[in-house]
Amino acid sequence: MATTPRKRGRPSKGPREELKCRVPVGLKSDTAAVAGECGMTTQDWLEAVINAAVRDRVNPRHQEVLFPRSA
């Protein structure tokens, strides 16, 4: 009996576009750490943050600090 070939890897999240930006030294690792604490990949966490900011029309220059640096 022949089997149907199975798709490998995780399921598609649909059509995507690439968005790049340069960040200050250390922000990339801090972002990865926060995403990990939330149980998310860095990509998924950034997508959620950007989506919330765009959806709610948040001006990042006029909001409180979400993740203050430890003293």
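Scope of this entry: the structure provided in the associated data block.

Its location among the elements puts threonine 31 in helix H1 (residues 27-37). Not counting residues up to four positions away in its chain, the partners in contact with threonine 31 are Thr42, Trp45 and Leu46.

A few words on H1. Within H1 the residues assigned to the buried category are Thr31, Val34 and Ala35. Taken end-on, H1 shows its buried residues confined to a sector of 100°, consistent with a single buried face. The inward-facing, buried residues of H1 abut helix H2 (42-55). Glycine 39, located one to two residues past H1, shows a positive phi value of around 75°.

Analysis parameters
Residues numbered from 1 in each chain as written. Predicted model: local features only at pLDDT ≥ 70, side-chain atom pairs only at ≥ 80, totals over all residues. Heavy atoms only, no water. Helix = DSSP H or I, 4+ residues; strand = E, 2+ residues; numbered from the N terminus. Contact = heavy atoms within 4.5 Å. Buried < 20%, exposed > 50% of the residue type's maximum accessible area, 1.4 Å probe, protein only. Arc of directions from axis to C-beta.

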